[in-house]
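Structural features, examined
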Amino acid sequence: MDIPKEPNFSLLSSQDFAPEKYVRDISQNYVGGLELQNIKKKIQALADETSNNLKKNVYQNYVQFIETAKEISHLESEMYQLSHLLSEQKGLLTALSTSSILEDNRAHFDVRNEKLDEQELEEENKQKLATILDKVENCKEVVEAPDRFLLFEGDLLEIDATENTAIKFVHVYLFNDSLMLTNRNSNSRGLMRYAFESLYELSSLAVVNVRDLGNIKHAFKLLIFPDTRVFQCSSNASKKEWLDKIDQAKKTRLVQEQQKRESSLEKISPARSISVDLSINSQPEEIFTHPDWFLDIPDELDVCIAQRQFEDAVNHINKSKTYINKHPEHVGAIQKKIDQKQNTLVEMLMKELEVNPEKSLQGGLRATRTAVRLLNQLGRSTQSCDLFLKLCSSMLKIQCKRVKREGSTSTYVRHLSSVVFTNMCHMSEEFLRAFPDSCANCASAYVVWASGELSLFTTHFAKQVFMPQTSLSTITECVVLVRSQCERLCTYGVDFRYQLDGALRAPLSKALNDARDKFVDSIKLRAIDEKWIPVNLNTRSGLARCLQEYAVLGLKLDTYVTGDVWLQLTSSNLAFTKSFLILLDDCLKLKTTELLHSIDETLTKCFEAQLRYNEQGLKNEDQKQFILKNFEFLLVVLVQLTQTKYKEATGYECDNLNKLVNDYLSLLKARSTKTKYSSEFL
Amino acid sequence: MAKKTTVQPALHKVIMVGSGGVGKSALTLQFMYDEFVEDYEPTKADSYRKKILLDGEEVQIDILDTAGQEDYAAIRDNYFRSGEGFLCIFSITEDESFQATQEFREQILRVKNDDQIPFLLVGNKCDLEEKRKVTLQEAQDRANKWGVPYVETSAKTREHVDKVFYDLMREIRARKKEENKTSNGRGKDKNKKKKLKCIIL
């Protein structure tokens, strides 16, 4: 028979573990309850450990799960942002393409219709190219070249240049930049009617009108070094058409290339570009004084903007500006162009910063850094600052909306104020980073912004906190919270505590007044039930608890204890003491120089109310001794504590209260001359 | 039958170069059709072919009348490459056109890579003596410097029109004969030269 092993993980988790058998074995082998109990303890320990492990595992997985969920939501918003960027990009591209068709933005509006026609034409051209692709073999690369479109096509007869005899029929396609020759495809009778033969660049193609070639009529020559090819057209009109079309294509192309090369010659009118040779000969000295990179800057800028490489674009602009400063001559046109591009760039960047409901704010302010920095570099710090702050406002708003109004007021305020001020701190940090040695404009704009945000917040705060049913303690808690949050901003050199206090002064003094009224009311309520007897705390522990409670508040009531459970104070005075001390604490926490008056008044009024009520009790001759003792407690012990606390907070004692106390003391003294007891304590 | 007719007389390719409006087309048309065209219309690039008797021998002349204005330098190079002899025309009434000949000469030498290329400097419009801006001496000096003949012509009066074409064709013919004489060796050399040039280009 197996000796049952000590319980352990491997044993219990093995596949063939049978609990019943195991227990039977154990109970057979171990004799006596003690041994069995030991075993039981061990198993119990194992069970605990296992469940602990399980918990840990679950927790770990849970944490992982939460992280994954976060990651996914993050990704989602990123995708969203991406799609937004893409759509923006698309808009930009279409804008760029429309402007590049015309090259000149000013003409943009006048020729809108023309542009539409052009677009239609372009569409048509694409279709034509597609049909070529169907008709001609091996011309895929030719047709699919970007920016290529068909201008003209037709059948021609190729002639031997030296012997004046026909060679073959060809089908010729004229593109905007090249000429494609195709042969009749004898092999296939299907769709592919032609086979690609050769492609000639228009810029290297010399076309010669053959005026006279013996008996060959309607011919023209193509000089493509080292070849010379002669083609015969079906009629003179056809030849004229071919020559005109080729010539036109060449000219258009030339004008385009020239515009590309020498953007400074932008304003060549169409009429002038026809006789462009003159300008070519006379312009070079003027143009080539500029290095190529400078001439290319406008195009480079276009590309950079389209590819959203704003940084490069700004670099280009700066570079060109230095150049312009050094060589202020002959840069007018280019400068104008660069300025125009710069404006586009600035617009783009500003759009980046704009508050847009569709735009996700996931990236936060971090995402704005580049745009802001570049705008600053471009000397647009005022605008960027403005946009930046607007963005901050909207972000703050969104963040605040996320804070749900749930739980107690103080929880809500704690959450809200932490959100607001943490964000403001972040924004201040970002702001200081984005506008490091910002001009006075930006800094003051920031201060104005922050102040505005703060008053928004305080308005909201006041609405939430200063309600009739809110206790002064809650209000105090909230205000103290907000003040401490507000202090955080001091780190960034913006101290809004004064503004905050100013904004809260009126509602606070009103709250203090309310609290005072409530307090006085409660004193009156208590007075109704007053029996002028010591408090009976029923049990020793009740007494101890009570003493403990007041000790925390700073009062030692041991001297007032009589017997086991009696306290030589009236219940109303005891209750008053407690709530007065709480009131005092709240008031002192709220203390600002401006509020001090209200606080003094509140404290004095409350105290006076209680004193007056005690004074009334003095009429009751039976309890005089006892009531005087209460008086003594209030006027000496409680006042002393109050003044100590008051002094701690403000640096001096409360005059009003002292005056009140003195009044009452003298009053009591006056009475004591009539009574034999009063001298006992005065 | 077609083959037989393809046996063509020797073909000499002449190219007319010069600034716009100096009378390249006028000279060509006068030579081809004995007519003078008064109206000026810029030429793009026209080619003509004619059978003529050169010293009793039947030859073909192929004239490429180029545009004074050609936008692409590469295309102008293509024109020049196809030529065997050049008539470089200027107008004696326009100094600018005379100055431009220098540029044409350089371009032709560069493209043909041959400073012995048959070449004539032609001062046209010699009928307008009273408007002359370019002196005979000036033009002659330049021609001497280049080592080419200088001829003054008038497309209007047909003065020396045939002469410039015939003189040039004779030079071309002489040049071709010389090349043939020096046999294949020289020809090969020349081919090599050309090939080399292509590579450089």
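- Per an unreviewed UniProt entry, chain B is named small monomeric GTPase, and its organism is Ceutorhynchus assimilis.
- Word for word, the UniProt comment on chain B under Subcellular location (unreviewed entry) is "Cell membrane".
- Check the Sequence similarities (unreviewed entry) section of the UniProt entry for chain B; it says "Belongs to the small GTPase superfamily. Ras family."

- With an unreviewed UniProt entry as reference, chain A is termed Exocyst complex component 8, source organism Ceutorhynchus assimilis.
- If you open the UniProt record of chain A and go to Sequence similarities (unreviewed entry), you find "Belongs to the EXO84 family."
- UniProt annotates chain A under Function (unreviewed entry) with the comment "Component of the exocyst complex involved in the docking of exocytic vesicles with fusion sites on the plasma membrane."

1. Some remarks on the overall build of chain B
- Secondary structure summary: chain B contains seven helices and six strands in total.
- Taken from the N to the C terminus, the helices and strands of chain B come in the order α-β-α-β-β-α-β-α-β-α-β-α-α.
- Looking at chain B residue by residue over its 201 residues, the buried ones come to 51%.
- For chain B, the accessible surface area stands at approximately 10200 Å², while carbon and sulfur atoms represent 51% of it.

2. What to know about helix α13 (residues 369–377) of chain A
Residues and elements named next belong to chain A.
- Turning to α13, its buried residues number three or more, namely A371, V372, L374 and L375. Viewed end-on, α13 has its buried residues packed into an arc of 165°, placing them on one side of the element.
- The inward-facing, buried residues of α13 contact α11 (310–326), α12 (332–353), α14 (381–402) and α15 (409–434).
- Of the residues one or two after α13, G379 is the one with positive phi, at around 75°.

3. Notes on the interface of chain A and chain B
- Contacts between chain A and chain B engage 31 residues on the former and 24 residues on the latter.
- With both chains or domains summed, chain A and chain B bury close to 2400 Å², and 53% of this area falls on carbon and sulfur atoms.
- On inspection of chain A and its partner chain B, the count reaches one salt bridge.
- The partner of B:D62 in a salt bridge is A:K221, with the nearest N and O atoms 3.3 Å apart.
- In this assembly, chain A and chain B are joined by six residue pairs in polar contact (both at pLDDT 80 or more).
- Among the elements that line the side of chain A that touches chain B, the one with the most residues is strand β6 (residues 206–213) of chain A, at eight residues.
- Within the side of chain A that touches chain B, the residues separate by chemical class into 14 nonpolar, six polar and 11 charged.
- Pairing of β6(A) with strand β2 (residues 45–54) of chain B involves four bridges; the strand directions are parallel.

4. Some remarks on the environment of B:E138
Residues and elements named next belong to chain B.
- Structurally, E138 can be placed in helix α5 (residues 136–146).
- What makes E138 partly exposed here is its relative accessible area of 32%.
- Separated by 40 residues in sequence, E138 and F98 place their C-alpha atoms 9.6 Å apart.

5. Concerning the confidence of the model for chain A
- In the predicted model, chain A carries a mean pLDDT of 78, and 87% of its residues have values of at least 70.
- Counted against residues more than four places away or in other chains, residues 676–682 of chain A, with its pLDDT under 50, gives 15 contacts.

6. Notes on the nonpolar core
- In terms of nonpolar packing, the biggest core is built from 122 residues, with A:L345, A:F461, A:L557, A:L567, A:F580 and A:F607 touching the most fellow members.
- Tallying contributions element by element places α15(A) first for this core, with 11 residues.
- Leave out the neighbours within four places in its chain, and A:F461 touches A:V413, A:F466, A:C478, A:V479, A:V482 and A:L504.
- Ranked by size, the runner-up nonpolar core spans 29 residues in total, among them B:A45, B:F104, B:L121 and B:V148.

7. Some points on the side chain of B:R173
All names here are of chain B.
- For R173, the position within the fold is in helix α6 (residues 161–181).
- Judged by its relative accessible area of 15%, R173 is buried.
- Among residues more than four places away in sequence, those in contact with R173 are H12, L54, D55 and E57.

8. A few points about the confidence of the model for chain B
Residue and element names in this part refer to chain B.
- The share of residues in chain B with pLDDT of 70 or more is 85%, and the mean pLDDT across the chain is 83.
- Low pLDDT, under 50, characterises residues 1–5; the predicted model gives this stretch zero contacts beyond four residues in sequence or across chains.
- Residue range residues 185–201 is modelled with pLDDT below 50. Its contacts to residues more than four positions away, or to other chains, number 12 contacts.

9. Focus: the sheet that holds strand β11 (residues 566–570) of chain A
Residues and elements named next belong to chain A.
- Judged by pairing direction, the sheet is antiparallel, and its three strands sit side by side in the order β9-β11-β10 without closing on themselves. Either end of the sheet is taken by a strand with one partner, and the two such strands are β9 (534–536) and β10 (561–562).
- Sheet topology note: the β10/β11 ladder contains two bridges and is antiparallel. From the neighbouring strand, V561 faces β11, where its bridge partner is L567.
- Along the sheet, helix α20 (residues 571–590) makes contact with β9 and β11, crossing β11 at roughly 80°.

10. Some details on the pattern of salt bridges
Residue and element names in this part refer to chain B.
- Tallied over the entire structure, the rule returns 34 salt bridges over all chains.
- Residue R158 is joined to D34 by a salt bridge in which the shortest nitrogen-to-oxygen separation is 2.3 Å. Of this pair, R158 sits in the loop between β6 (150–152) and α6 while D34 is found in the loop between α2 (24–33) and β2, placing the two residues 124 residues apart along the sequence.
- Owing to a relative accessible area of 25%, R158 belongs among the partly exposed residues under this scheme.
- Judged by relative accessible area, which is 53%, D34 ranks as exposed.
- If you follow the salt bridges from partner to partner, you end up with D55, E57, K163, D167, R170 and R173 in one network.

11. Here we look at unusual backbone geometry
All names here are of chain B.
- The phi dihedral of D55 falls on the positive side, at around 55°, and the residue is not glycine.
- Turning to its location among the elements, D55 is positioned in the loop between β2 and β3 (57–66).
- At H160, a position not held by glycine, the phi torsion is positive, near 60°.
- On the secondary structure map, H160 appears in the loop between β6 and α6.

12. Quick word on the pairing of β6(A)
Residue and element names in this part refer to chain A.
- Within β6, seven of the eight residues are buried, which leaves the element mostly enclosed by the surrounding structure.
- Direction of pairing for β6 relative to strand β7 (residues 219–224): antiparallel, over a ladder of five bridges. Across the sheet, the residue bridging to A206 is L223, located in β7.
- Between the antiparallel neighbours β6 and β7 lie five residues, among them G214 with a positive phi of about 60°.

13. Notes on the packing of α2(B) against α6(B)
Residue and element names in this part refer to chain B.
- At a minimum axis distance of 9 Å, the contact between α2 and α6 shows a crossing angle of 85°. Considering the angle they form, α2 stands roughly perpendicular to α6. Residue-level inspection shows L27, T28, Q30 and F31 of α2 in contact with α6, the latter providing V161, D162, F165, Y166 and M169.

Procedures and definitions
Residues numbered from 1 in each chain as written. Chains lettered and ligands numbered in written order. Predicted model: local features only at pLDDT ≥ 70, side-chain atom pairs only at ≥ 80, totals over all residues. Heavy atoms only, no water. UniProt positions renumbered as here; feature names shortened; annotations may be inferred. Helix = DSSP H or I, 4+ residues; strand = E, 2+ residues; numbered from the N terminus. Buried < 20%, exposed > 50% of the residue type's maximum accessible area, 1.4 Å probe, protein only. Areas by Shrake-Rupley, 256 points an atom, 1.4 Å probe, with all protein chains shown as cover. Arc of directions from axis to C-beta. Contact = heavy atoms within 4.5 Å. Buried area = accessible area lost by both parts, 1.4 Å probe. Salt bridge = Lys/Arg side-chain N within 4 Å of Asp/Glu carboxyl O. Polar contact = N/O pair within 3.5 Å; in protein donor to acceptor, adjacent residues only side chain to side chain. Nonpolar A, V, L, I, M, F, W, Y, C, P; charged D, E, K, R; others polar. Pairing = 2+ DSSP bridges. pLDDT = per-residue confidence, 0-100. Core = buried A, V, L, I, M, F, W, Y, C linked by side-chain atoms within 4.5 Å. Axes fitted to C-alpha atoms, helices over the stretch in contact; angles between N-to-C directions. Parallel < 35°, antiparallel > 145°, perpendicular 65-115°, else oblique.

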